[in-house]
Amino acid sequence: MSSTDSNPPKLDIKYTQIFINNDWHKAVKGKTFPVINPSTGEEICQVEEATRADVDKAVEAARKAFDVESPWRKLEPAARGNLMRKFAQLLRRDIDYLSKLETLNNGKPVGNSEGDIYSAANCIDYYAGWTDKIVGETIPGAHDQVIFTRHEPIGVCGQIIPWNFPIAMMAWKLGPALACGNVIILKPAEQTPLTALYCASLIKEAGFPPGVVNIIPGDGPECGHAIAAHEHIDKVAFTGSVEVGKKVQEAAAKSNLKRVSLELGGKSPLIICEDADIDYAAEVAHMALFFNAAQTCTAASRTYVHAKIYDKFIAKSIELAQQRIVGDPFDSNTVQGPQINESQFDKILGYIESGKKDGAKLECGGERAGSKGYFIKPTIFSDVKDDMQIAREEIFGPIMSVLKFDSYDDVIKRANDSTFGLAAGVITNDLTRSMMFAQRLQAGTVWVNTYHSVSNQAPFGGFKQSGHGRELGKYGLESYYEVKTVVVKLV
Amino acid sequence: MLSKLLSKQVLNQGLRLTTRTLSTASQQKLVDRKPDVKYQKLFINNEFVDSLGGSTFEVLNPATGDVITEVADASEKDIDRAVKAAKDAFRLGSEWRRMDPAGRGVLLNRLADLIERDRAYLAALETLNNGKPFKDSYNIDIPHCISVLRYYAGWPDKMNGKVLPVAGDFFSYTRREPVGVVGQIIPWNFPMILLCWKIGPSVATGCTSIIKLDEHTPLTGLYTAKLIEEAGFPPGVINIVSGDGPHCGASLVKHPDVHKIAFTGSTQVGKIIGVECAKQVKRATLELGGKSPNIVFADCDLDLAVEMSHFALFFNQGQCCCAGSRTYVDEKIYDEFVQRSIERTKRRKVGDPFDDSTEQGPQISHEQMDKILDLIESGRRNGAKLLTGGERHGDKGFFVQPTLFADVQDNHRIAREEIFGPVMQILKFKSIEEVVERANDSEYGLAASVFTKDLDKAIVVSNALRAGSVWVNTYDNFDPVAPFGGFKHSGLGREKSEYSLDSYSETKCVTMKISERNS
């Protein structure tokens, strides 16, 4: 057992300013904002608050770093890769401090923070290996022409990342952008700016030229919007909610038609077939929903269970939920820390109420855990119907919704009946059935007999309103270069 | 002064260094003329072992002709056990087969780190054994090895297959699998570089290998074997042996458990290996000889053309498969070009390879030296004009004077046969059509170069030359990302770059029947 009373270690917060041109700056408007520890609800520190004026400064620095004569543009591809690998090395070197800082700011158990940092370092290493492998093509055409393509960096890339995996999301953004030779203005979530700012110091230490990576802490409506709407930013990549994603795309189009890639929310279905091993399926389903305090865009938040195994599945899932240790993320026994902040916390409790009101059966949990911070007990609703609010809207909290099915054709239709399409999972040993699900499920990632399995080499992204564009893998590079066709006529 | 600057520029351009070159003073500090030889045995299953028969052979210092040390001589039985080790390491379920692809990249990067750590020692040992100037080993060979290994380190988790749009109710996809146990035979002219060109793709694709070092130059390869073990490669993944061609190399080529052979060496031996491989349908890639034409047009940058043409032939004591050994010069600038080349050739400093001012060390062996002197004789007999050099240099070691022939004709032996020595041939031409035809009139087709400022000419001539690498206004550019290999009798397959991965992979197509296929 672990208590929700959190005893965070004393950590020296070294970097709370705005990182532009490898230098630390105070905000132009002179304001700061508080950063909260979600395990206690208390303030950790104040961080400089970037507004439009700071974004302008960052754009100026980035544009200069992207000038065709600049050191960054002249750097050999392999040398870019060496800088990236150095950065990855530094992430691993400082993993002890960074993981504690991530947990202090985000609330995820320290072991999970460590895992995230290793993932992030591996992601940077993966993309470091691409720098000298991005090729154009020579194209067979008329006999008196030479036709070829160049894959050029787009330019200044604005990147807006969320609070659920601060360091890992930063790596997913920096990796492909740097591999293609771009320059970056990255805005960490206002809830979780601390590890991004520390990583800025590592980027400088690794030897990146000034202006190549700039890190601008600030909010969404002012700072994020300034990035999405900036006339001199060439591309914006955003990970966050559908609601804000739409605003980003609109601002991008209205300003200068900058290229846009979006990784948004989900309401991902996990379908457990009659031939599934119930214990295994329940473990997968448990992890698929509750991992990271259920704060994952891919959370399996609609668990469809075949009628034949429904009761046994529910019983096993309740057991697992009740065993789930919620508490101080600095306690090594803890599996689930707090939700990120008060606003999310209130919203999730609201969904619990709505579930009850709509007639779903509350099997366990359903309330706050402890009295400080934003902890919520692992909650399971059964007998959920497709039209209930808890089955349609993204909750981003530890509420598992279990629905019953008995026809495979039918459950696929129900699974696809959503404006989201980020991920889906199916548990079955039947070869043909698994292939059919893989084909028919409208989701960017389909998991068979597993969940949340993400690797650097496989693309990740959404169908429908879960986003467009892909991150990770070779596909992840496509959003970060422009294709130029050159045609030389022979005289 | 200008030529010294150009030399450095030439080296930088030629081999695209990404590491700093050293100043003379700091180079001198690093130079240990008698580096200790630490490893002289066969490296099998991550262990150093004597050859089974106990036999050894002598390794010479070509700058003096003296014996440096003795090294284990691998017999057929040693090849057998090396192959067995590689086969074991490749079996299904082995640590190597089950390793995450990214893990193979981590190992390659670690090996690169260790070579970087021991750069000075390896460069000195390479110079002691091969005779190339220390400043080349240190500034060109070893840094290139590091960048090649780092390049390949990025590939293992990026070699995707395809999902295929088949007709019917099938799910069909390709897997790129390692070809298996690979035998790799490397020559003596770039021992470390060619070792890394072989290790890179083999490890990246997940193969296991037996590498046979050339009997003239086994020392740096055996030291690298120790680094392979230190880097953490599982036993049997890379095995390194020293031995001759006719017994050791031949038994590797013939071994039924070896799935693929990669050979770099002469065209003559390459053909023998090709025939042997065909008997077992063994995959073979061959990097063989060349007689590469270097075409200098009247509208070139003459300073650049003279310096690069000199470098193209004389680099590495003329011992490059892709040496620019037929220099075709436009008649309009012929006399000027020849005159400047004589001056440049006369200035070429031959001497102790550990001396910082030396540009040219010894040839690798007495046999090679004799062969070169014999071809020089043939040039004289055939009527080519000998303008400088032409004799042995000194009476110790295997040095040959930098030699220049002009007014060479296409039918002279020195214009047709690979010399592999510091002997430059200059021929005259009038027109583009004529020179392209003459350049292509060879069984070889490894490389070629063009010097011109004219865009159109550069493209048209590059398109017309039948050679695997065509360099324009440069030479010997060996960036790891660019493929290298020959047309015609210069070889089969390509090394470096993404193209090299294909020869170390087998494509498997898997087709599954399913109840219903949808797009």
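Residues numbered from 1 in each chain as written. Chains lettered and ligands numbered in written order. Predicted model: local features only at pLDDT ≥ 70, side-chain atom pairs only at ≥ 80, totals over all residues. Heavy atoms only, no water.

- As recorded in an unreviewed UniProt entry, chain B goes by the name Aldehyde dehydrogenase domain-containing protein, listed as coming from Adineta ricciae.
- According to the UniProt record, the Sequence similarities (unreviewed entry) comment for chain B reads "Belongs to the aldehyde dehydrogenase family." (UniProt positions renumbered as here; feature names shortened; annotations may be inferred.)

- Under an unreviewed UniProt entry, the name given to chain A is Aldehyde dehydrogenase domain-containing protein, and the organism recorded is Adineta ricciae.
- Turning to chain A, the UniProt record has this under Sequence similarities (unreviewed entry): "Belongs to the aldehyde dehydrogenase family."

1. Points about the overall build of chain A
Then step 1. Tallying secondary structure elements over chain A gives 15 helices and 20 strands in all.
Then step 2. On C-alpha atoms alone, chain A measures out to a radius of gyration of 23 Å, which is about the 23 Å that the 2.2 N^0.38 rule sets for 491 residues.
Then step 3. Dimensions of chain A, computed from the C-alpha atoms along their principal axes, are close to 75 × 60 × 40 Å.
Then step 4. Nonlocal contacts in chain A, meaning residues at least 24 apart in sequence, comprise 75% of its contacts between residues at least 6 apart.
Then step 5. Total accessible area computed for chain A in this model is approximately 18,800 Å², and 50% of it derives from carbon and sulfur atoms. (Helix = DSSP H or I, 4+ residues; strand = E, 2+ residues; numbered from the N terminus. Rg over C-alpha atoms; globule rule 2.2 N^0.38 Å. Contact = heavy atoms within 4.5 Å. Areas by Shrake-Rupley, 256 points an atom, 1.4 Å probe, with all protein chains shown as cover.)

2. A few points about the overall build of chain B
Then step 1. Along the backbone of chain B there are 18 helices and 19 strands.
Then step 2. Computed over its C-alpha atoms, the radius of gyration of chain B comes to 23 Å, within 12% of the 24 Å expected for a compact globule of 519 residues.
Then step 3. Taken along the three principal axes of its C-alpha coordinates, chain B extends 75 × 55 × 45 Å.
Then step 4. A separation threshold of at least 6 residues defines the contact pool for chain B, and within that pool the share at least 24 residues apart is 75%.
Then step 5. Carbon and sulfur atoms make up 50% of the accessible area of chain B, which amounts to about 20,100 Å² in all.
Then step 6. With 65 positive and 68 negative side-chain charges, chain B shows a separation of 3 Å between the mean positions of the two kinds. (Lys, Arg positive; Asp, Glu negative; His and termini not counted. Charge placed at Lys NZ, Arg CZ, Asp CG, Glu CD.)

3. Quick look at the pattern of salt bridges
Between side chains of opposite charge, a pair can form when the charged atoms approach closely.
Residue and element names in this part refer to chain B.
Then step 1. Evaluation of the coordinates by the stated rule reveals 66 salt bridges over all chains.
Then step 2. A salt bridge links Arg438 to Asp410; the nearest nitrogen and oxygen atoms lie 2.6 Å apart. Placement of the pair is Arg438 in helix H16 (residues 432–440) and Asp410 in the loop between strand E14 (403–406) and helix H15 (413–416), with a sequence separation of 28 residues.
Then step 3. Residue Arg438 is classed as buried on the basis of its relative accessible area, which comes to 17%.
Then step 4. One continuous salt-bridge network, built from bridges that share partners, spans Glu307, Arg344, Arg348 and Glu359. (Salt bridge = Lys/Arg side-chain N within 4 Å of Asp/Glu carboxyl O. Buried < 20%, exposed > 50% of the residue type's maximum accessible area, 1.4 Å probe, protein only.)

4. Thoughts on helix H17 (residues 455–464) of chain B
Then step 1. For H17(B), the complete set of buried residues consists of B:Lys457, B:Ala458, B:Ile459, B:Val461 and B:Ser462.
Then step 2. Residues of H17(B) that are buried in the fold lie against strand E6 (145–153) and strand E20 (481–489) of chain A together with strand E11 (293–296), H16, strand E16 (447–451) and strand E17 (469–472) of chain B.
Then step 3. One side-chain oxygen of the residue at the start of H17(B) lies 3.3 Å from the amide nitrogen of B:Asp456, identifying that residue as B:Asp454. (Polar contact = N/O pair within 3.5 Å; in protein donor to acceptor, adjacent residues only side chain to side chain.)

5. Focus: the environment of A:Val402
Residues and elements named next belong to chain A.
Then step 1. With respect to the secondary-structure elements, Val402 resides in strand E16 (residues 399–405).
Then step 2. For Val402, a relative accessible area of 0% gives the class buried.
Then step 3. If near-sequence neighbours (up to four positions away) are discounted, Val402 is found in contact with Thr303, Val305, Tyr310, Phe313, Ile314, Ile380, Phe381, Ser382, Asp383 and Val384.

6. Quick look at the interface of chain B and chain A
Then step 1. The partner chain A presents 20 residues to the 24 residues of chain B that form the contact.
Then step 2. Summed over both partners, the interface of chain B with chain A comes to about 2,000 Å²; 59% of that surface belongs to carbon and sulfur atoms.
Then step 3. Our count for the contact surface shared by chain B and chain A stands at 1 salt bridge.
Then step 4. A:Arg440 is the partner of B:Glu516 in a salt bridge, and the nearest nitrogen-oxygen pair spans 2.6 Å.
Then step 5. On the surface where chain B and chain A come into contact, there are 6 residue pairs in polar contact (both at pLDDT 80 or more).
Then step 6. Sorting the residues of the side of chain B that touches chain A by element identifies helix H7 (134–153), H17 and strand E19 (505–513) of chain B as the ones contributing at least two each.
Then step 7. The element that contributes the greatest number of residues to the side of chain B that touches chain A is H17(B), accounting for 4 residues.
Then step 8. Its residues assigned to classes, the side of chain B that touches chain A shows 10 nonpolar, 6 polar and 8 charged. (Buried area = accessible area lost by both parts, 1.4 Å probe. Nonpolar A, V, L, I, M, F, W, Y, C, P; charged D, E, K, R; others polar.)

7. Describing the domain arrangement of chain B
All names here are of chain B.
Then step 1. For chain B, the assigned domains read domain 1 (39–288 + 492–507) and domain 2 (293–480).
Then step 2. Here domain 1 and domain 2 have C-alpha centroids that lie 31 Å from each other.
Then step 3. With 35 residues of domain 1 in contact, the opposing surface of domain 2 contributes 31 residues.
Then step 4. Between domain 1 and domain 2 the total buried area reaches about 2,500 Å² when both faces are included, carbon and sulfur atoms providing 62% of it.
Then step 5. Ranking the residues of domain 1 by area buried against domain 2 places Pro62, Lys135 and Trp188 at the top, with a combined share of 21%.
Then step 6. At the junction of domain 1 and domain 2, the tally comes to 1 salt bridge. (Domains from an automatic or database assignment.)

8. Observations concerning the sheet that holds E16(A)
All names here are of chain A.
Then step 1. Pairing is mixed across the open sheet formed by 7 strands, whose spatial order is E14-E15-E16-E13-E12-E17-E18. Because the sheet does not close on itself, it has two edges, and the strands there are strand E14 (361–364) and strand E18 (445–448). The sheet shows a mean angle of 20 degrees between the axes of neighbouring strands, taken without regard to direction.
Then step 2. The pairing of E14 with strand E15 (residues 379–382) spans 3 bridges and is antiparallel. Within E15, the position partnered with Lys361 by the bridge is Ser382.
Then step 3. Sheet contacts for helix H10 (residues 278–290): strand E12 (269–272), strand E13 (302–306), E15, E16 and strand E17 (423–427); angle to E16, the most-contacted strand, approximately 135 degrees.
Then step 4. Helix H12 (residues 342–358) contacts E14, E15 and E16 of the sheet and is inclined by roughly 25 degrees relative to E15. (Pairing = 2+ DSSP bridges. Axes fitted to C-alpha atoms, helices over the stretch in contact; angles between N-to-C directions.)

9. Examining unusual backbone geometry
Then step 1. You will see that A:Lys464, though not glycine, has its phi angle at about 50 degrees, which is positive.
Then step 2. Within the secondary structure, A:Lys464 sits in the loop between E18 and strand E19 (467–468).
Then step 3. The backbone of B:Ser497 sits at a positive phi, close to 65 degrees, despite the residue not being glycine.
Then step 4. Along the chain, the position of B:Ser497 falls in the loop between strand E18 (491–492) and helix H18 (499–502).

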